[in-house]
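Analysis of the macromolecular model
Given next are the chains, with one letter for each unit.
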Amino acid sequence: MYLREEIMKKFLNYLVISLAALLLVACAPKKTGGNGVSGNNHVEVKIKDGTYVLPKDESSDSKYLALNVEIKNKSNKQLYISDNDITLYNSDDEKISSINVYDSSDKFKTMSYEKVAKDKSVSGYVVFEVNPKDTYELHYSPLYTDIGKKEPEEVTIKVDAKKYADNVDKMEDLAKEYVEKVFLSGDASGKAENVSSKQSDQAVVTTLTTKNDDKKKEGKADQFVLGGDLEKDRANFMTSFTKEFGEEFSYYTPSEAELRTFAEAYTKMNAKRAKVTYQVASFLPESATVYVRPETIGLENIRTYDLVSKFVNEHRAEYSDYNDAYKAAEKYILEQAPSQFDSIPLVTPKYMESEGYELKFTKKDGKWVVDSSDDYGYKYLVRSFSGSLY
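Residues numbered from 1 in each chain as written. Predicted model: local features only at pLDDT ≥ 70, side-chain atom pairs only at ≥ 80, totals over all residues. Heavy atoms only, no water.

1. Describing the overall build of the protein chain
A tally of helices and strands in the protein chain yields 8 helices and 17 strands. Residues counted as buried form 42% of the 390 residues belonging to the protein chain. For the protein chain, the computed accessible surface area is about 22,300 Å², with 48% contributed by carbon and sulfur atoms. (Helix = DSSP H or I, 4+ residues; strand = E, 2+ residues; numbered from the N terminus. Buried < 20%, exposed > 50% of the residue type's maximum accessible area, 1.4 Å probe, protein only. Areas by Shrake-Rupley, 256 points an atom, 1.4 Å probe, with all protein chains shown as cover.)

2. A word on the packing of helix α2 (residues 170-182) against helix α4 (residues 230-246)
Orientation of α2 relative to α4, taken along the N-to-C sense of each, is 55°, at an axis distance of 9 Å. On the basis of their axis angle, the class for α2 and α4 is oblique. Together, Tyr178, Lys181 and Val182 of α2 and Leu230, Asp233, Arg234 and Phe237 of α4 make up the contact between the two elements. In terms of residue class, the contact of α2 with α4 is built from 4 nonpolar, no polar and 3 charged. (Axes fitted to C-alpha atoms, helices over the stretch in contact; angles between N-to-C directions. Parallel < 35°, antiparallel > 145°, perpendicular 65-115°, else oblique. Contact = heavy atoms within 4.5 Å. Nonpolar A, V, L, I, M, F, W, Y, C, P; charged D, E, K, R; others polar.)

3. Some words on the packing of helix α6 (residues 304-315) against helix α7 (residues 322-336)
It is at 9 Å that the axes of α6 and α7 come closest, and there the two elements cross at 125°. The orientation of α6 relative to α7 falls into the category oblique. Crossing angle aside, the handedness with which α6 passes α7 is right-handed. Contacts from Thr304, Leu307, Val308, Phe311 and Val312 of α6 reach α7 at Tyr322, Ala325, Tyr326, Ala328, Ala329, Glu330, Tyr332 and Ile333. (Left-handed = near helix turned anticlockwise from the far one by under 90°.)

4. What to know about the pattern of salt bridges
Summed over all chains, the structure comprises 10 salt bridges. One salt bridge in this structure joins Glu177 and Lys181, with 2.7 Å as the shortest N-O distance. Here the residue Glu177 and the residue Lys181 both occupy positions in helix α2, the gap between them amounting to 4 residues, near one helical turn. A salt bridge links Glu264 to Arg260; the shortest N-O distance between them is 3.3 Å. With a gap of 4 residues between them, Glu264 and Arg260 both fall in helix α5 (residues 256-273), about one helical turn apart. Relative accessible area serves as the criterion here: at 30%, Glu264 is assigned to the partly exposed category. We classify Arg260 as partly exposed; its relative accessible area is 36%. Within this structure, Arg234, Arg260 and Glu264 form a network of salt bridges that share partners. (Salt bridge = Lys/Arg side-chain N within 4 Å of Asp/Glu carboxyl O.)

5. Digging into the nonpolar core
Met171, Tyr178, Phe183, Phe283, Leu359 and Phe361 are the most contacted members of the largest nonpolar core, which totals 58 residues. Per-element accounting of this core gives the leading share, 6 residues, to α2. Not counting residues up to four positions away in its chain, the partners in contact with Phe361 are Met171, Leu174, Ala175, Leu226, Ser287, Ala288, Val290, Trp368, Val369 and Val370. Of all hydrophobic cores here, the second largest spans 27 residues; its members include Val45, Ile81, Val116 and Tyr164. (Core = buried A, V, L, I, M, F, W, Y, C linked by side-chain atoms within 4.5 Å.)

6. Here's the deal with the side chain of Ser287
Within the secondary structure layout, Ser287 lies in strand β14 (residues 287-297). Residue Ser287 is classed as buried on the basis of its relative accessible area of 12%. Leave out the neighbours within four places in its chain, and Ser287 touches Asp103, Ser105, Phe361, Thr362 and Trp368.

7. Concerning the environment of Glu154
Position of Glu154 relative to the elements: it lies in the loop between β10 (135-140) and β11 (155-160). On the basis of relative accessible area, Glu154 is assigned to the partly exposed category, the value being 24%. Sequence-wise, Glu154 and Tyr140 are 14 residues apart; in three dimensions their C-alpha atoms are separated by 5.5 Å.

8. Here we look at the packing of aromatic side chains
Pairs of aromatic rings are described using the distance from one ring centre to the other and the angle between the two planes. Inspection of every chain in the model, using the stated rule, returns 21 aromatic pairs. Here the aromatic rings of Phe183 and Tyr378 are separated by 5.7 Å at their centres, their planes lie at 50°, and the arrangement is tilted. Taken as a pair, Phe183 in the loop between α2 and β12 (194-195) and Tyr378 in helix α8 (residues 377-384) lie far apart in primary sequence, 195 residues in all. Both rings, one in Tyr357 and one in Tyr380, keep their centres 5.7 Å apart while their planes meet at 25°; by these two values the pair is stacked. A residue pair is termed long-range when its members are at least 10 positions apart, and Tyr357 in strand β16 (residues 357-364) and Tyr380 in helix α8 qualify at 23 residues. Relative accessible area serves as the criterion here: at 5%, Tyr357 is assigned to the buried category. (Phe/Tyr/Trp six-rings, centres within 6.5 Å; stacked < 30°, edge-to-face > 60°.)

Structure follows, in structure tokens:
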């Protein structure tokens, strides 16, 4: 009897120890990291950095957080990874799947299907639609692994959406600055009176408090500075403007100085009267596109033919040659038209999409540069800010 009790007692102790060991093993794979790094015996997962983005064709009313995730294979066998292995859970334990992001420049590397050798790592962005005021958990759980385990090993990392910088709307300010310096007055210190964005018609003011708050957010080291050769772009714009406008004359051949004077007067008045709206179409760490919708002084509304005809009829007696009369009339129009710039109706391009034309940016040496070689968006912006004549 005594021997049987001893055997039973040892068996129960062994059972308790075994159950405890099983529980520890079962819980071990799920390790939560609060500092952006977590892992287990087989992998280490790290959130290197993050920023808010706006993928192309996604709603600007939503917020998209791009997390740059690095996964290191600590096992002795090959590791297989896909973007489906990484998910996000909100505070209500609701699963949020990543969204696909296409970048035509291929500079925004997203996590995709990868084979990772032992002791090697791979990194890429994973993008989720989030509430920027909430906290989340990033879960890594491989769907397939070659490390000999029956169950996927899950690693979790806490994600505070508030700590990442949201610089999406700053692209509107850069687009405004570019349009002002290149297409309007050309004066960096001046601003078009009626330039606006979808958020507000007022200029954005950054206070000292705002700057201090921004410094606390990750991804804030990048300065949003307009780069490129703006003087060259301005010169090219004015050359295109005067060249195309000069071809509108049939009898009189304006001098370069006359055409330049006309163009300068037009852009100066346009800077005061034009109504331009801006909306970010897409934003990634190395590229962005802003919709620019111009409503400018319409040179087409100068009734040139009527004015020329009137001038010829009134002054025909002063000229012995009919062509000379028309030449003088066109010269008269060139000189007098600027006096009408403050009253000529504004126009929007006839065949422009409702959002406007695309102004494309790429990041080079830490600055945002406009792609002036774009044959569609940029070309039509030049035309619009030249009075939409040609």
